[in-house]
Amino acid sequence: MSGSHSPSTRTNLAASSAGWSARHRRWAILGWLAFVVGAYLLGGVVGQRSLTDVQMGNGSSATAARVYEQAFPYHSTEQVLVQGRGAVRIGDPVYEQAIAALIARLQRVPTVGAIQSPLTAAGAGLRSADDRSMLVTFQVAGDSNQAVTNVQGALAATAATASAYPQLRIEEFGAASANKALLKAFDGDFTRAEHTSLPITLLVLLVAFGAVVAAGVPLLLGLTAVLGALGLIGPVSHLVPMAQGTIRPVVLLIGLAVGVDYSMFYLRRKLEERHAGLDSASALARAAATSGRAVLVSGLTVMTAMAGMLLAGNAVFTSLAVGTMLVVAVAIIGSVTVLPAVMSKLGDGVERGGVPVIARRRREGQSRLWRAVVGRVLSRPVWSAALSCGLLLVIAVPALGMRTVDPGTVGLPRNLPIMATFDRIQAAFPGAPTSAVVVVKARDVTGADVQAGISAMTKAALASGQMAGPIVEVVSPDRTVAAVTISLAGSGTDRPSTAALATLRGQVLPSTIGAAPGAKAYVMGTTAASVDFNQVMKSHLVLVFAFVLGLAFVLLLVTFRSLVIPLLTIALNVLSVGAAYGVTVFIFQDGHLRSLLDAQDVGGVIDWLPLFLFVVLFGLSMDYHVLILSRIREGHDRGLPTRDAVSAGVTSTAGVITSAAVVMVAVFSVFATLNEIIFKQLGVALAAAVLIDATVVRLVLLPSSMALLGRWNWYLPRWMGRPPPPRPYCLHGAPRSKPADLRVRQLRGGAPRGPRRPGRRQRRPRHQLRRRPLH
């Protein structure tokens, strides 16, 4: 019903905020624009502080990286491959000339140190067995972020030497040079994703609303929310460092999805009420008090889910949690402030620029297709629930064999020129590009006992058959730390690499360097970091799940005053997430359809993806869930039987849910076309999850389950309180049409109540009397 000032009506925060914005449109709109522009400019001025490799690590490998970084001023390893072309072999004078020239150039670069030459006796392990390849190794100054800039001089020296000696292939690869190439690729892909996702989103919105102006409103809110959040990330990152290369795409994904969704829910409800006969202001009032409230509840639930990543025990998840919570908060604020102001300003003009066929079909009301689908589901709720639940369980089966990995260098896009160098080094020196580094700390690592332990360690490593050369030892200037590089079997993230690491940590180190008095040994590298990260995830996963599910339960319990609804919601979301896991494993780990996406095999699922998917999917699915439940509760409060209330709620929201899901799937699918395996897995997983959640779960399993539960949907134990009486919503300041009491009585078939007599106590309408809860 439209708003009224009857004492029987109530307001909520969303309604009050929308009322203020509608009365102060200029302040609301100009204030929002000032915030977005100011935040974006502020972010550009202060810059973004990024996480270093040491800060992103966990466990023993993080300890090793920390010790290594403190001991060596130059600690980012780079390798230059010197390989003969054609018939040129080691022994040809050109090798010595080129390597001497390269080392001379590198020595003139102030950010380069600890150069190792293959021409010395200590560098014998830097020559390949086929007499075609040599490696020159060196270190670059600075942490992992600073090294990306500092490596430029070394890259220039390598390129100059390669030009001077065309008989040889002289190419550089290492952590800093690979990160530099990857960040450049990230920037290009991020720009492409922006330019692709925005037109696709606009097209979907045009189909959803049938009008240009109505389609542009959600897109503008989503875009400005993303820009504002990206700007705020700059100053926030100086308190909580962000994951470089990952945070911007994630903020774009989440921000555009929730910003567009919240606007769609709001705008579609306003248009629905307008077409039902309310004037524009009353329609906005009704939308604010219903869909606006749903947006607030949904947004808080999404932020609650994102906050679960703060308990993951890893700095990357902390940065993702802060970034996603920030963009969702900005989208919520925009939805309850500037959006009502824009809708109030536009009035009926929001339907300008109508697309004739689409606009006419939209005005016809609820989709016949969705009425037929929901009707069939509710007519056979047992079969519908059983079949849909069984389908989700089958899809989730591959997730039982999920293996998480840190892709490391193997996960870099294969179309990057630097990856050709990686492949050549891997072929000539198996394991060299992703070697393990044993960091030995002692009072004096050059002492006889420690050196004997290191020598025994290298012999035992080579004798194991799981490790190989080149083996390079570097001693810190203060002689308290030694770093020994050992190549592991495998690609760095596969099972042979993991087995080799287990042998190194569990057998080789304890019996060799571990026996040296006062010496401590740690292992770092891609394989060690992946194994340690997985261990941390396993130990924190239960805590994150309990936090997210527990807080979501409380929020839904308070919102809907039902014990059953939160439990049903958690069960449905767990099924949805499980199905998303299954699809991800089926494609990327098992290899089905992987070639269609041009995705490389990294041996499993990206290690941080499962936990991130859980919190994001749980949060995003609440957008649909809260909207549907709100409409079902409205029907229940009007006295409709459970099945009628479910049918009305699901059917009335099916159109907007379908449109919102298509927007999300389209945006997420764009990321599946990018070059990086991280974004491919993320895009496919999110797109598949949203598609499954918005169709099978929300339109089949949810209504069939609620139909089977009947009145038990709204069960609340007596000791937890009583459900609030159903009362019509209003927005302060909305035009009065009919008193709420009169409208409700007429809808229920009763006679209009006469005017109130002076001095006579007015009886409360029957629909406002407290109902006895079901026990």
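So, how was this worked out
Residues numbered from 1 in each chain as written. Predicted model: local features only at pLDDT ≥ 70, side-chain atom pairs only at ≥ 80, totals over all residues. Heavy atoms only, no water. Helix = DSSP H or I, 4+ residues; strand = E, 2+ residues; numbered from the N terminus. Buried < 20%, exposed > 50% of the residue type's maximum accessible area, 1.4 Å probe, protein only. Contact = heavy atoms within 4.5 Å. Areas by Shrake-Rupley, 256 points an atom, 1.4 Å probe, with all protein chains shown as cover. Axes fitted to C-alpha atoms, helices over the stretch in contact; angles between N-to-C directions. Parallel < 35°, antiparallel > 145°, perpendicular 65-115°, else oblique. Left-handed = near helix turned anticlockwise from the far one by under 90°. Pairing = 2+ DSSP bridges. Phe/Tyr/Trp six-rings, centres within 6.5 Å; stacked < 30°, edge-to-face > 60°. Lys NZ or Arg CZ within 6 Å of the ring centre and 35° of its normal. Nonpolar A, V, L, I, M, F, W, Y, C, P; charged D, E, K, R; others polar. Expected span 1.5 Å × (residues − 1). Patch = residues over 30% accessible without salt bridge, like charges linked within 9 Å, V, L, I, M, F, W, Y side chains within 5 Å. Salt bridge = Lys/Arg side-chain N within 4 Å of Asp/Glu carboxyl O.

Caption draft 1: Here's a closer look at the overall build of the protein. A tally of regular secondary structure across the protein gives 25 helices and 10 strands. Looking at the protein as a whole, 56% of its 775 residues are labelled buried. Across the protein, every contact between residues at least 6 apart in sequence was considered, and the portion connecting residues at least 24 apart equals 80%. Put simply, the protein shows about 31,200 Å² of open surface, and 61% of that area lies on carbon and sulfur atoms.

Caption draft 2: Looking closely at the packing of helix H9 (residues 212–237) against helix H13 (residues 338–346). Running from N to C, H9 and H13 point in directions that differ by 160°, and their axes come no closer than 11 Å. As judged from the angle between their axes, H9 and H13 are roughly antiparallel. When the axes of H9 and H13 are compared, the crossing they make is right-handed. Residue-level inspection shows Val213, Val217 and Leu221 of H9 in contact with H13, the latter providing Val338, Leu339, Val342 and Leu346.

Caption draft 3: The arrangement of the sheet that holds strand E6 (residues 436–441) in detail. With antiparallel pairing, the four strands of this open sheet are ordered in space as E7-E8-E6-E9. Bordering the open sheet on either side are strand E7 (467–475) and strand E9 (520–524), each of which pairs with just one other strand. When the angles between neighbouring strand axes are averaged without regard to direction, this sheet yields 20°. The pairing of E7 with strand E8 (residues 481–488) spans six bridges and is antiparallel. What sits directly across from valine 475, in E8, is alanine 482. Along the sheet, helix H4 (residues 59–71) contacts E6, E8 and E9; its crossing angle with E9, the most-contacted strand, is approximately 105°.

Caption draft 4: Fine view of unusual backbone geometry. The phi torsion at arginine 479 lies on the positive side, around 60°, for a residue other than glycine. With respect to the element layout, arginine 479 can be found in the loop between E7 and E8. Judged by its relative accessible area of 45%, arginine 479 falls in the partly exposed class. Not every positive phi belongs to a glycine, and leucine 593 is a case in point at roughly 70°. By secondary structure assignment, the location of leucine 593 is in the loop between helix H21 (564–589) and strand E10 (605–606).

Caption draft 5: Quick peek at the side chain of threonine 224. Here threonine 224 is to be found in helix H9. Given the relative accessible area of 16%, threonine 224 is considered buried. Ignoring any residue separated from it by four or fewer positions in sequence, one finds threonine 224 in contact with Trp32 and Val36.

Caption draft 6: Structural context of the sheet that holds strand E1 (residues 74–84). With antiparallel pairing, four strands are arranged side by side in an open sheet as E2-E3-E1-E4. The open sheet terminates on both sides in strands that have one partner only, identified here as strand E2 (112–116) and strand E4 (168–174). Each adjacent strand pair in this sheet contributes to an overall mean axis angle of 25°, direction not counted. Direction of pairing for E1 relative to E4: antiparallel, over a ladder of seven bridges. Bridge pairing in E4 places glutamate 78 opposite glycine 174. On top of the sheet, helix H5 (residues 93–107) reaches E1, E2, strand E3 (133–141) and E4; it is set at about 5° to E3, its chief contact. Taken strand by strand, helix H8 (residues 175–209) contacts E1 and E4, and its axis lies near 85° from that of E4.

Caption draft 7: Broad picture of the packing of aromatic side chains. As enumerated under the stated definition, the model contains eight aromatic pairs in all. Between phenylalanine 173 and phenylalanine 422 the ring centres are 5.4 Å apart and the planes differ by 50°, which places this aromatic pair in the tilted class. With a gap of 249 residues between them, phenylalanine 173 in strand E4 and phenylalanine 422 in helix H17 (residues 417–428) connect regions that are remote in the sequence. Taken as a pair, phenylalanine 173 and phenylalanine 422 share a single burial class, namely buried. Taken together, a centroid distance of 5.4 Å and an interplanar angle of 50° make the contact between tryptophan 712 and tyrosine 715 tilted. The partly exposed category is assigned to tryptophan 712, whose relative accessible area is 44%. Directly above the aromatic system of tryptophan 714 lies the positively charged group of arginine 633, at a separation of 4.8 Å from the ring centroid.

Caption draft 8: Region of interest: the packing of helix H23 (residues 642–672) against helix H24 (residues 677–709). Two elements in contact, H23 and H24, have axes whose closest approach is 9 Å; the angle formed by their N-to-C orientations is 175°. Taken as axis vectors, H23 and H24 run roughly antiparallel relative to one another. Residue composition of the contact of H23 with H24, by class: 21 nonpolar, three polar and two charged.

Caption draft 9: Local environment of the environment of methionine 622. Inspection of the secondary structure assignment puts methionine 622 in helix H22 (residues 609–637). Remark: the alpha-carbon pair of methionine 622 and alanine 294, spanning 328 residues in sequence, is separated by 9.8 Å. Setting aside chain neighbours within four positions, we find methionine 622 in contact with Ser298, Thr301, Leu556, Thr569 and Asn573.

Caption draft 10: Spotlight on helix H2 (residues 25–46). Its 22 residues give H2 an end-to-end C-alpha distance of 32 Å, which sits within 8% of 32 Å, the value for a rise of 1.5 Å per residue. Contact partners of the buried residues in H2: helix H1 (13–23), H9, helix H12 (315–336) and H13. Following H2 by one or two positions, glycine 47 has its phi on the positive side, about 75°.

Caption draft 11: Layout of the pairing of E1. Where burial is concerned, most of E1 is hidden: nine out of the 11 residues are buried. Pairing geometry for E1 and E3, over nine bridges, is antiparallel. Its bridge partner being in E3, glutamate 78 is matched across the sheet by phenylalanine 138.

Caption draft 12: Quick peek at a nonpolar patch on the surface. A cluster of nonpolar residues, Leu42, Val45 and Val46, forms a patch on the protein surface that exposes about 260 Å² of accessible area. Mapping leucine 42 onto the fold places it in helix H2. Taking relative accessible area as the criterion, leucine 42 reaches 38% and is therefore assigned partly exposed.

Caption draft 13: Highlighting the pattern of salt bridges. Per the counting criterion, the structure on display carries 10 salt bridges. For glutamate 171, the salt bridge is made with arginine 424, and the minimal N-O distance between the two is 2.8 Å. Of this pair, glutamate 171 sits in strand E4 while arginine 424 sits in helix H17, placing them 253 residues apart in sequence. Classification of arginine 424 by relative accessible area gives partly exposed; the value is 26%. A salt bridge links arginine 505 to aspartate 532; the shortest N-O distance between them is 3.0 Å. With a gap of 27 residues between them, arginine 505 in helix H19 (residues 495–511) and aspartate 532 in helix H20 (residues 526–560) connect regions that are remote in the sequence. Note on arginine 505: relative accessible area 24%, which makes it partly exposed.

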